[in-house]
Amino acid sequence: MSQTKRVGIIGLGKYLPEKVLTNKDFEKMVETSDQWITERTGIKERRIARPDEATSDMALAAAKQALAAAQLTGADIDLIVVATISPDTYFPSNACRLQGALGCRSIPAFDVSAACSGYIYALTVAENFIKAGTAKRALVVAVEKLSMVTDYTDRNTCVLFGDGAGAAVLSTVETGGILSSYLGTDGKQCELITLPAGGSRRPATHETIDQRLHYLKMNGAEVFKVAVKTMADAALEVMNTLGVHSPDEVSLIIPHQANIRIINAVAKRMGVSLTEGKVFLNIDKYGNMSAASTAVALCEAVEQGRVKKGDRVVMVAFGSGLTVGALFIELS
Ligand code: ACO
C-alpha cells in the first residue's frame, strides 16, 4: 500500500537590497513623522532595490542561497514556482527567467499571483506537485519590488512597503514537513488593494499615468479589519485540523509582516502575547514585502536559531485578492 509522502523544506535563502529607507527619510518626502509610522505600523526602515535591480535578480540571489543550503544545483530541480505581483515583465514569467539563469533542465516553471499570501500559495503548489509524483525537488521563490508600484507622494501607503526575496527548496523528507495547509480567497473584496491600471481593464495611456493609476491603491482601514479575523481563522484552521488546540504546541508563529497592530491582534485571537517571543517579527527592518515577507521571515527564524529541526511553525499571510494562506510545518 502506498504511503502519503511527507514534503518538507531542505534549504532556505534570502536577499535584501542594500539601500535602506528610514522613517526619517520619509519626513523629508511627505507630511509624516517617525513617531506616527512607528506607532501606527511598527516599521522603522525598509529596503529599496536599485533602479537597475529587477525582481528576477533578487530571486536569483535568494534561490542560489537556498540551493547551496540544500547542497543542490539548478540541474537537480524539477519545478520552479515564483510568487510575485511585481515580475520583471508580464511575460515571460520570473520563473522562466530563473530557470534560464540557474541552468535547469526543461522543467515546469511558472509564477503564482496571490500578493502577500503568495509564498504560502507557492509552497502549497510545490508540495502537491511532489506529493503527486510530478516533481522530486522544487524551488519556491517569493520576491517583490513593491517600490516600483509605490506612490511616494501618498503618505497613506508609501511608508508601508519594501523590496526583498526569500527562497525554499522542497523535497520528500523522512520526518516532519508540511503537515497541513489552508488557502482561501474573497474575490468580492478585490478593490480593497489594487493596482488600477496597466492591465486589460485599463491599459496604460498618458491619462492613466497622469492620474497615478500605476501605483498601488489601498483602503487601509478596511483591509486592517478583515486581515485580523481572516489571518487568525486561517492559523487556527491549520492547527485544529491536526488536533492542535493550544499555541503551547507550536514553537513559532510567522505572520505576514504588514502592520504590528494587525500582528498583535491576530496573536491575541490565537491566545498568544507578543512579549512571549512566540511570534516572529522583522517588520521594523523591512516593512511589508508582500509575498517575500513570510519567506524572508522563515529564513531569518532558522538563521537566528529561533527554530530548528523538529520544531513546529505556523505561517499565515493575507493580501490583495483578498487572499489568505496558512501552513503548519514541522521543520525537517
Ligand atoms: N503619516 C502621518 N499621518 C498619516 C499617515 C502617515 N504616513 N498615513 C495616514 N495618516 C493619517 C491619515 O491621513 C488619517 O488622517 P485624518 O484622520 O486627518 O484623515 C489618519 O492618519 C488615520 O488614518 P487611518 O488610515 O485611519 O490610519 P490607520 O491607523 O488605519 O493606519 C494603515 C493606516 C497603517 C495603512 C493601516 O490601516 C494598515 O496597516 N492597514 C492594513 C494594510 C495591510 O495589511 N495591507 C496588506 C496587504 S498589502 C498587499 O497585498 C500588497
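See the structure printed just above.
Close to the ligand lie 25 residues, the nearest being Thr-32, Arg-40, Arg-155, Asn-259 and Arg-261. A distance of 2.7 Å is found between an oxygen atom of the ligand and a side-chain nitrogen or oxygen belonging to Arg-40. Note that an oxygen atom of the ligand is positioned 2.7 Å from one of the side-chain N or O atoms of Asn-259. Its free accessible area being 1,000 Å², the ligand has 74% of it covered by the protein chains. At the level of secondary structure, the elements contributing two or more residues to the shell around the ligand comprise α2 (34-41), α6 (155-158), α8 (220-240) and α9 (260-269).

Here we come to the pattern of salt bridges. Pairing between side chains of opposite charge can happen when their charged atoms approach one another. In this structure the tally under the stated criterion is 15 salt bridges. The shortest N-O distance in the salt bridge between Arg-97 and Asp-88 comes to 3.7 Å. Several salt bridges share partner residues, and in doing so they unite Arg-50, Asp-52 and Glu-53 into one network.

In this section: the sheet that holds strand β12 (residues 312-319). In space, the four strands of this open sheet follow the order β8-β13-β12-β11, with mixed pairing throughout. Here the strands that pair on one side only, and so sit at the sheet edges, are β8 (177-185) and β11 (252-255). Between one strand axis and the next, the sheet turns by 10 degrees as a mean value, whatever way the strands run. Pairing geometry for β11 and β12, over four bridges, is parallel. Across the sheet, the residue bridging to Leu-252 is Val-313, located in β12. Packed on one face of the sheet, helix α5 (residues 118-132) meets β8, β12 and β13 (323-330) and runs near 125 degrees to β8. Seen against the sheet, α8 touches β8, β11, β12 and β13 and runs at an angle of roughly 150 degrees to β12.

The subject of this paragraph is the pairing of β13. Along β13, seven of the eight residues are buried, which leaves the element largely enclosed by surrounding structure. Of the pairings in the sheet, the one linking β8 to β13 comprises eight bridges and is antiparallel in character. Looking at the pairing, Tyr-182 lines up with Ala-326 of β13. In this structure, the hairpin formed by β12 and β13 is closed by a connection of three residues, where Gly-321 is found at a positive phi of approximately 150 degrees.

About the thresholds
- Residues numbered from 1 in each chain as written.
- Predicted model: local features only at pLDDT ≥ 70, side-chain atom pairs only at ≥ 80, totals over all residues.
- Heavy atoms only, no water.
- Near = heavy atom within 4 Å.
- Polar contact = N/O pair within 3.5 Å; in protein donor to acceptor, adjacent residues only side chain to side chain.
- Areas by Shrake-Rupley, 256 points an atom, 1.4 Å probe, with all protein chains shown as cover.
- Helix = DSSP H or I, 4+ residues; strand = E, 2+ residues; numbered from the N terminus.
- Salt bridge = Lys/Arg side-chain N within 4 Å of Asp/Glu carboxyl O.
- Pairing = 2+ DSSP bridges.
- Axes fitted to C-alpha atoms, helices over the stretch in contact; angles between N-to-C directions.
- Contact = heavy atoms within 4.5 Å.
- Buried < 20%, exposed > 50% of the residue type's maximum accessible area, 1.4 Å probe, protein only.

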